[in-house]
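Residue strings, one per chain:
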Amino acid sequence: MRLIVQIPCYNEAKTLPLTVKDIPRKIEGITSVEVLVIDDGSTDDTAQVARECGVDHVIRFTKNKGLARAFAAGIDCSVKAGADIIVNTDGDNQYYGGDIPRLIQPILEGRADMVIGDREVLKLPLFSPLKKFLQLLGSASVRYVSQTDVPDATSGFRAFSREAAMRLNVVSEFTYTLETIIQAGKMNMAIEHLPVRTNRRLRESRLFSTKGQYIKRSLGTIIRTYTMYEPLKVFSYVGALVFGAGLLLGLRFLYYFFFKSPAGHVQSLILAAVLLIVGVQLVMMGILADLTGSNRKLMEEVLYRLKKREIAPPEEGETFRGMPSQKDES
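Residues numbered from 1 in each chain as written. Predicted model: local features only at pLDDT ≥ 70, side-chain atom pairs only at ≥ 80, totals over all residues. Heavy atoms only, no water.

Caption draft 1: Expanded view of the environment of Lys123. Counting through the fold element by element, Lys123 comes out in the loop between β5 (114–118) and α5 (129–146). Sequence separation between Lys123 and Gly250 is 127 residues, and the spatial gap between their C-alpha atoms is 53 Å. (Helix = DSSP H or I, 4+ residues; strand = E, 2+ residues; numbered from the N terminus.)

Caption draft 2: Region of interest: the pattern of salt bridges. Applying the stated criterion to the full structure yields 13 salt bridges. Note that Glu192 and Arg111 form a salt bridge whose closest N and O atoms lie 2.9 Å from each other. On the criterion of sequence distance, the pair formed by Glu192 in strand β7 (residues 191–195) and Arg111 in the loop between α4 (100–108) and β5 is long-range, its members being 81 residues apart. The exposure class assigned to Arg111 is partly exposed, which follows from its relative accessible area of 42%. (Salt bridge = Lys/Arg side-chain N within 4 Å of Asp/Glu carboxyl O. Buried < 20%, exposed > 50% of the residue type's maximum accessible area, 1.4 Å probe, protein only.)

Caption draft 3: Representation of the layout of surface pockets in the model. What the second largest pocket holds in volume is close to 280 Å³. If you trace the second largest pocket, you find it lined by Tyr144, Val145, Gln147, Lys186, Leu219, Ile222, Ile223, Tyr226, Thr227, Lys233, Val234 and Tyr237. Contributions of two or more residues to the lining of the second largest pocket are made by α5, α8 (211–229) and α9 (231–259). Of all the elements, α8 adds the most residues to the lining of the second largest pocket, at five residues. (1 Å grid on protein atoms, 1.4 Å probe; cavity = no way out; pocket = protein on both sides within 12 Å on 5 of 7 lines; lining within 4 Å. Points joined across faces, edges and corners; volume = space filled by probe spheres on them.)

Caption draft 4: Seen up close, the environment of Phe253. Summarising the element assignment, Phe253 is placed in helix α9. When its relative accessible area of 11% is taken as the criterion, Phe253 is described as buried.

Caption draft 5: Structural view of the pairing of strand β1 (residues 2–9). Burial analysis of β1 places eight of its eight residues in the buried class, the great majority of the element. Going residue by residue along β1, you find Arg2, Ile4, Gln6 and Pro8 tucked away on one face and Leu3, Val5, Ile7 and Cys9 tucked away on the opposite face as well. As defined by bridge partners, β1 adjoins strand β2 (residues 32–40) across eight bridges and the pair is classed as parallel. What sits directly across from Cys9, in β2, is Asp39. Each parallel crossover has a hand, and for β1 linked through helix α1 (residues 16–21) to β2 it is right-handed. (Pairing = 2+ DSSP bridges. Right-handed = clockwise from strand over helix to strand, strands pointing away.)

Caption draft 6: Region of interest: the packing of aromatic side chains. Inspection of the entire model under this criterion finds seven aromatic pairs. Taken together, a centroid distance of 3.9 Å and an interplanar angle of 5 degrees make the contact between Phe71 and Tyr176 stacked. Residue Phe71 is located in helix α3 (residues 67–80), and its partner Tyr176 is located in the loop between α6 (162–167) and α7 (177–186); the two are separated by 105 residues in the primary sequence. When the ring centre of Phe61 is taken as origin, the NZ or CZ atom of Lys65, which lies over that ring, is 4.7 Å away. Between Arg167 and the ring centre of Tyr304, over which it is positioned, the NZ or CZ distance is 3.7 Å. (Phe/Tyr/Trp six-rings, centres within 6.5 Å; stacked < 30°, edge-to-face > 60°. Lys NZ or Arg CZ within 6 Å of the ring centre and 35° of its normal.)

Caption draft 7: Here's a closer look at empty space enclosed by the protein. In the structure shown here, the tally under the stated rule is one cavity of 30 Å³ or more. The computed volume of the largest cavity comes to approximately 40 Å³. Lining of the largest cavity is provided by Thr19, Asp22, Ile23, Thr89, Asn93, Tyr95, Gly97, Ile100 and Phe157. Its residues assigned to classes, the lining of the largest cavity comprises four nonpolar, four polar and one charged. (Nonpolar A, V, L, I, M, F, W, Y, C, P; charged D, E, K, R; others polar.)

Caption draft 8: Quick peek at the nonpolar core. In terms of nonpolar packing, the biggest core is built from 36 residues, with Ile75, Val79, Val142 and Phe160 touching the most fellow members. Elements that contribute at least two residues to this core include exactly β2, β3 (57–61), α3, β5, α5, α6, α7 and α8. The leading source of residues in this core is α3, at six residues. Apart from the residues lying within four places of it in its own chain, the contact partners of Val142 are Gln147, Ala153, Leu178, Ile181, Ile182 and Ile222. (Core = buried A, V, L, I, M, F, W, Y, C linked by side-chain atoms within 4.5 Å. Contact = heavy atoms within 4.5 Å.)

Dropping the structure here:
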């Protein structure tokens, strides 16, 4: 049973040694624990520091592509390396590596496809009341659209089985945390969560510059991912709202026409007609999007089967089959 701990990094030369040192190299039920660092176009010596720390694999982008792309690249390479379980953690040493054995236990026991570490946000002293509220609100939104019970949706400390890793396809360019939970929920994967410990904060988050930007991009990710899997619902709800507004305006016009004065209020009639037409069109777009979504599900299944066929687990003692353990990507 091979475990690979992947660490997406961007300018983490100072904190990476602490993160790597915190990862246990011997875990009961695991024959091999390896560490993969994804250097997302760092301008410091992150890749060199990773090698000096003795990590097993290093991937380096020549240009910063964002956390979601780094995460996806790590998942792809971990699967190709023959990982049976993949753990993702942050390079800023936020999460306590000693909790990795607990994090992977539900997968080892065959109960879960994905396990997410719960930081218990309300207990984190470094989070301001506003940040706690936003975290809880965002997690509640993700729980609703994904139909899961994950309490800490933005936690980056999570474990994936090999099968789950091959089925997930990250398309967001912002962050993988929200999208992967919604995808997993819509694919009916078994998701568990458990409390995990955190280390003292060594730096501020670099994922966003302002809370407003974070809310905007997170909301966009949630809506976009949910629409991918439930297009008919989304377009039907929006279309019903627009159609309802047009219907009300139309009834208002009829009321004035029959009971008040038949003259005037032409603007209401024109706007009502436009809204009714747009509402019907939105519903029709939802039907077309739903048909397209069916094709997407078929394509995901085809992609999964191709991965299973092409990415065979390497022989014992090998690392990457047909791929160097250290490489640069443009």
